Amino acid sequence: GGRTWARLQSELRRVGYDIECREQNARDFGVMQNRRRMIIIGWRHGSGLHYPKFKPVQISGTVSELLQDLPKMTPGQERKQYRTTCYSRYVKDNAIRTPDDVLTLHQSRPHIERDIMIYKKAIELWEDGHQRLNYNQLPDELKTHRNRTSFVDRYKVVGGDLDSCHTILAHLSKDGHYFIHPDIDQHRSITVREAARIQSFPDNYFFEGTRTA
């Protein structure tokens, strides 16, 4: 809280250090993810240093372009070969993929038919003026959650036509509803490789363990 932060600043000044905390967004540093975090920077008192002013990086491309060379899949499928040898300027400029890379962890989780139907409705709404699906808008036969007042945006499409995605969260490992692929023909949640690309991991970064891990 505020008091804890003030005490920390005071104690560090006492031993000769200054610190400052400001909110930064990964999107402003060229990452296709709208990820806001508080970043603390410290320096020796009297050193002439200060918290830098970062110039925002202009992102050249969209999330769909970021993913366009990855093979299309439906729920429960896995692909180990790229769809094309061509990839977007953003992917090339940020060294996300090179000609020598091998595709790994592009595996889609299986989905039941009810969720697939909800995914399609969510994608249709997004394509119709960037509308978000409210859980209470669904037909009763598609509703299974008793909670109808909170988390009503639990089904959320990745904005493929935008230059950044909403924040990739840890619960992606258990719940893909919040990260639905923008392509209605694929009607699935994003894969580990797609989530990694959005966070700026290069394709040659191999994740150990199972898909869920």
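Residues numbered from 1 in each chain as written. Predicted model: local features only at pLDDT ≥ 70, side-chain atom pairs only at ≥ 80, totals over all residues. Heavy atoms only, no water.

1. What to know about the overall build of the chain
Per the secondary structure count, the chain includes 5 helices and 4 strands. Listing the helices and strands of the chain from first to last along the sequence gives α-β-β-β-α-α-α-β-α. Reported as C-alpha extents along the three principal axes, the dimensions of the chain are approximately 60 × 50 × 35 Å. Each of the 213 residues in the chain was classed as buried or not, and the buried ones make up 39%. Expressed as a percentage of contacts within the chain between residues at least 6 apart in sequence, the contacts between residues at least 24 apart total 60%. Only carbon and sulfur atoms are counted for the fraction: they give 50% of the accessible area of the chain, which is about 12700 Å². (Helix = DSSP H or I, 4+ residues; strand = E, 2+ residues; numbered from the N terminus. Buried < 20%, exposed > 50% of the residue type's maximum accessible area, 1.4 Å probe, protein only. Contact = heavy atoms within 4.5 Å. Areas by Shrake-Rupley, 256 points an atom, 1.4 Å probe, with all protein chains shown as cover.)

2. With respect to helix α4 (residues 113–127)
Across its 15 residues, α4 extends 21 Å between first and last C-alpha, which sits within 8% of the 21 Å expected from 1.5 Å per residue. Of the residues trailing α4, Gly-129 is marked for its positive phi of about 85°. (Expected span 1.5 Å × (residues − 1).)

3. Comments concerning the side chain of Arg-193
Assignment of secondary structure puts Arg-193 in helix α5 (residues 192–198). Although buried, Arg-193 forms no salt bridge, and the nearest oppositely charged side chain, Asp-203, lies 4.3 Å from it. A distance of 3.4 Å separates the side chain of Arg-193 from the backbone oxygen of Pro-202, its partner in a polar contact. In this structure, Arg-193 is in contact with Leu-70, Leu-103, Thr-104, Leu-105, His-106, Pro-202, Asp-203, Tyr-205 and Phe-207, ignoring residues within four places of it in sequence. (Lys, Arg positive; Asp, Glu negative; His and termini not counted. Salt bridge = Lys/Arg side-chain N within 4 Å of Asp/Glu carboxyl O. Polar contact = N/O pair within 3.5 Å; in protein donor to acceptor, adjacent residues only side chain to side chain.)

4. Thoughts on the nonpolar core
One finds Val-63, Leu-66, Val-158, Ile-168, Phe-179, Ile-190 and Ile-198 to be the most contacted residues of the largest nonpolar core, which totals 20 residues. Top element by residues in this core is helix α2 (residues 63–67). It accounts for 3 residues. Every residue in contact with Phe-179, bar those within four places of it in the chain, is listed here: Lys-156, Val-158, His-166, Thr-167, Ile-168, Leu-169, His-171, Leu-172, Ser-189 and Ile-190. Counting 12 residues, the second largest nonpolar core, distinct from the first, contains Trp-126, Tyr-135, Leu-138 and Leu-142. (Core = buried A, V, L, I, M, F, W, Y, C linked by side-chain atoms within 4.5 Å.)

5. Some thoughts on the pattern of salt bridges
The final tally for this structure, using the stated rule, is 11 salt bridges. Asp-69 is paired through a salt bridge with Arg-97; the nearest N and O atoms lie 2.7 Å apart. Taken together, the residues Asp-69 in the loop between α2 and α3 (89–93) and Arg-97 in the loop between α3 and α4 connect sequence positions 28 residues apart. Take Asp-69: its relative accessible area is 0%, and that puts it in the buried class.

6. As for the environment of Glu-141
Looking at the element boundaries, Glu-141 is found in the loop between α4 and β4 (165–166). Assessed through its relative accessible area of 62%, Glu-141 is described here as exposed. Spatially, the C-alpha atom of Glu-141 lies 26 Å from that of Gly-129, the residues being 12 residues apart in sequence.

7. Concerning the confidence of the model for the chain
Put simply, the chain has an average pLDDT of 93, and 100% of its residues get 70 or more. Per-element averaging of pLDDT across the chain places helix α1 (residues 2–14) at the bottom with 88 and α2 at the top with 97. (pLDDT = per-residue confidence, 0-100.)

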